[in-house]
Amino acid sequence: MTTLNSELIIDPNIFRQNISYIKKKLNKSSNFMAVIKSDAYGHHLENIVRDIDDLADGYGVVRTDEALKIRKLSDKKILLMQGIYNESDFKLARKNNLDMVVHNIEQFNIAKKFSEYNNLWFKVNTGMNRLGFEIDEFLDIYSRYLQDTKFTLMTHLASSNDKNSISNAKQFSLFEDLKEKLHSKISLSVANTGCIMNYPEKSYDWVRCGIGIYGGYIDDDNLKTAMTLRSPIINIRKILKGESVGYDGRAVAEKDMKIASVYLGYADGLPVTIRDGTKVHINDNEASVFGKVSMDITTIDISDNKDCKVGDWCTFFSSKLPISNIAKSNDLISYFLMTSVKSRVKKIYKNIN
Ligand SMILES: *Cc1c(COP(=O)(O)O)cnc(C)c1O
């Protein structure tokens, strides 16, 4: 007998299909950086490197320890997307042939100490106002230190998912004006997934693609959710009109109902804020959340699900039930749901080989 558990099943064939689909949108000369920070958005860093290495031109992460794990498995470019914060990490990155983002003067001063400017990605602020040099500040560094150096100039869009946002046009124009002032040997990188999908002509030399690989991008049904989060039904009961289900009596029955309790709660990573009416699948049929998510249990309205029984799976997202649905209907983002699943959920990675 196996222990009853919720499962997170990860299908690498879906990453591969998603990547192939996205790559068709890019300019021919553009390189594909697979962004696999935060344990590949919860999909398992090392497995994904093994399974997509032939499709990626490089990898983007944030933590040095993740970069080093990748370096053991791949010779491709690896970018520390927020750079390093002390000299010993600079040396470690150099030793392991990691590229580094330089987004402020403190980071540049470390590189300057070693007079090593190769494989640096200079990030400029074009409106996100989070990381990155102001344009003038960067031009000053450029004129003093980088006139003969090959580097990558990068920026990050604040509203790439919104094709109508005027901020995108402003950011592109600042970036392109700056590029005109620099020598021609530099590489350029702007696009995350939203930018690739909405402005494929801006794929420049490197795209930095994360959420699209995993199928969490909202606006394109061709990208499939690579994770399946499912949990068994552990109890079924009938309730009468007027009775309520779960904490705070939030969900009140307007008719007699059938309620399934599912073995997954906020301690497994399903946000406590999930609303009544959120769609799930039970045996490939639709059902919906009814009652506040508890620590270990979520309650589902199965009044219309005829044959469902204890032990059946309730699926919260899968290739057939896009993670963006549950995200959208709860004012969440798929990035958050993917990276929230806790360690007590059994992870099953379907290896390709
Ligand atoms: C996370 C990250 C990305 C990937 O963004 P997606 O929206 O997941 O494609 C790209 N660039 C940088 C700098 C990032 O930190």
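To keep things clear, this report deals only with the structure shown in the data block. Since the model is a prediction, treat every value here as computed from it, not as a measurement. (Residues numbered from 1 in each chain as written. Predicted model: local features only at pLDDT ≥ 70, side-chain atom pairs only at ≥ 80, totals over all residues. Heavy atoms only, no water.)

Topic: the pattern of salt bridges
Scanning the entire structure with this criterion turns up 15 salt bridges. Glu176 is the partner of Lys202 in a salt bridge, and the nearest nitrogen-oxygen pair spans 2.9 Å. Of this pair, Lys202 sits in the loop between α9 (193-198) and β9 (206-209) while Glu176 sits in helix α8 (residues 166-180), and the two are 26 residues apart along the sequence. On the accessibility criterion, Lys202 (16% relative accessible area) is buried. Taking the relative accessible area as the measure of exposure, Glu176 reaches 24% and is therefore partly exposed. (Salt bridge = Lys/Arg side-chain N within 4 Å of Asp/Glu carboxyl O. Helix = DSSP H or I, 4+ residues; strand = E, 2+ residues; numbered from the N terminus. Buried < 20%, exposed > 50% of the residue type's maximum accessible area, 1.4 Å probe, protein only.)

Looking at the pairing of strand β15 (residues 285-289)
Relative to β15, strand β14 (residues 279-282) runs antiparallel, the two sharing 4 bridges. Note that in β15 the partner of His281 across the bridge is Glu286. Adjacent in sequence and paired antiparallel, β14 and β15 are bridged by 2 residues, among which Asn283 carries a positive phi angle near 50 degrees. Here 2 bridges tie β15 to strand β16 (residues 298-301), and the two strands are oriented antiparallel to one another. Residue Ser288 lies in a different strand from β16, and its bridge partner there is Asp301. (Pairing = 2+ DSSP bridges.)

Observations concerning the site of the ligand
Around the ligand, the surrounding shell holds 13 residues, and the nearest of these are Lys37, Tyr41, Thr193, Ile211 and Tyr335. Thr193 places a side-chain nitrogen or oxygen 2.5 Å from an oxygen atom of the ligand. Contact between the ligand and Gly210: an oxygen atom at 2.9 Å from a main-chain N or O atom of the residue. When residues of the shell around the ligand are traced back to their parent elements, those giving at least two are α2 (37-42) and β9. (Near = heavy atom within 4 Å. Polar contact = N/O pair within 3.5 Å; in protein donor to acceptor, adjacent residues only side chain to side chain.)

Topic: unusual backbone geometry
For Asn119, which is not a glycine, the phi torsion comes out positive at approximately 60 degrees. Within the secondary structure layout, Asn119 lies in the loop between α6 (105-114) and β6 (120-123). In the Ramachandran plot, Tyr204 falls in the positive-phi region, its phi being about 45 degrees despite a non-glycine side chain. Positionally, Tyr204 belongs in the loop between α9 and β9.

Thoughts on the nonpolar core
One finds Ile36, Ile48, Phe138, Leu153 and Ile300 to be the most contacted residues of the largest nonpolar core, which totals 105 residues. The biggest single contributor to this core is helix α7 (residues 135-146), with 6 residues. Both of domain 1 (12-214) and domain 2 (227-318 + 320-349) provide at least three residues apiece to this core. In this structure Leu153 touches Phe122, Val124, Phe138, Phe175, Leu178, Leu182, Ile186, Ser187, Leu188 and Ser189, once residues within four positions along its chain are discounted. The next biggest cluster of nonpolar side chains, apart from the first, holds 7 residues, and it includes Val245, Ala253, Ile259 and Phe290. (Core = buried A, V, L, I, M, F, W, Y, C linked by side-chain atoms within 4.5 Å. Domains from an automatic or database assignment. Contact = heavy atoms within 4.5 Å.)

Let's talk about the packing of aromatic side chains
Taken as a whole, this structure holds 19 aromatic pairs when the rule is applied. Taking 5.9 Å as the distance between ring centres and 55 degrees as the angle between the ring planes, the aromatic pair formed by Trp121 and Trp206 counts as tilted. Residue Trp121 is found in strand β6, and its partner Trp206 is found in strand β9; the two are separated by 85 residues along the sequence. For the pair shown, Trp121 and Trp206 are each scored as buried. Centre to centre, the rings of Tyr142 and Phe151 are 6.2 Å apart; their planes meet at 65 degrees, and the pair counts as edge-to-face. Just as Tyr142 is buried, Phe151 falls in that class too. By way of ring pairs, the aromatic residues Phe108, Tyr117, Phe122, Phe133, Phe138, Tyr142, Tyr145 and Phe151 are connected into one cluster. Its end group placed over the ring of Tyr199, Lys163 keeps NZ or CZ at 4.7 Å from the ring centre. Here the basic side chain of Lys202 rests over the ring of Phe172, its NZ or CZ set 4.9 Å away from the ring centre. (Phe/Tyr/Trp six-rings, centres within 6.5 Å; stacked < 30°, edge-to-face > 60°. Lys NZ or Arg CZ within 6 Å of the ring centre and 35° of its normal.)

Concerning the state of the cysteines
Counted by the stated rule, this structure contains 0 disulfides. Of the cysteine sulfurs around Cys209, a residue in no disulfide, the closest is that of Cys195, at 11 Å. The class for Cys209 is buried, based on a relative accessible area of 0%. Of the cysteine sulfurs around Cys308, a residue in no disulfide, the closest is that of Cys314, at 8.9 Å. (Disulfide = S-S within 2.5 Å.)

Topic: the side chain of Asn18
Inspection of the secondary structure assignment puts Asn18 in helix α1 (residues 12-23). A polar side-chain atom of Asn18 sits 2.9 Å from the main-chain carbonyl oxygen of Ile213. Excluding residues within four positions of it along the chain, Asn18 makes contact with Gly212, Ile213, Tyr214, Gly215, Asn222, Leu223 and Lys224.

Focus on the packing of helix α3 (residues 45-52) against helix α4 (residues 64-71)
Closest axis-to-axis distance for the α3/α4 pair is 10 Å, and the angle between their directions is 40 degrees. Of the possible angle classes, the one that applies to α3 and α4 is oblique. When the axes of α3 and α4 are compared, the crossing they make is right-handed. Contact residues: α3 offers Leu45, Glu46 and Val49, while α4 offers Glu66, Lys69 and Ile70. Here the contact of α3 with α4 is composed, by residue class, of 3 nonpolar, no polar and 3 charged. (Axes fitted to C-alpha atoms, helices over the stretch in contact; angles between N-to-C directions. Parallel < 35°, antiparallel > 145°, perpendicular 65-115°, else oblique. Left-handed = near helix turned anticlockwise from the far one by under 90°. Nonpolar A, V, L, I, M, F, W, Y, C, P; charged D, E, K, R; others polar.)

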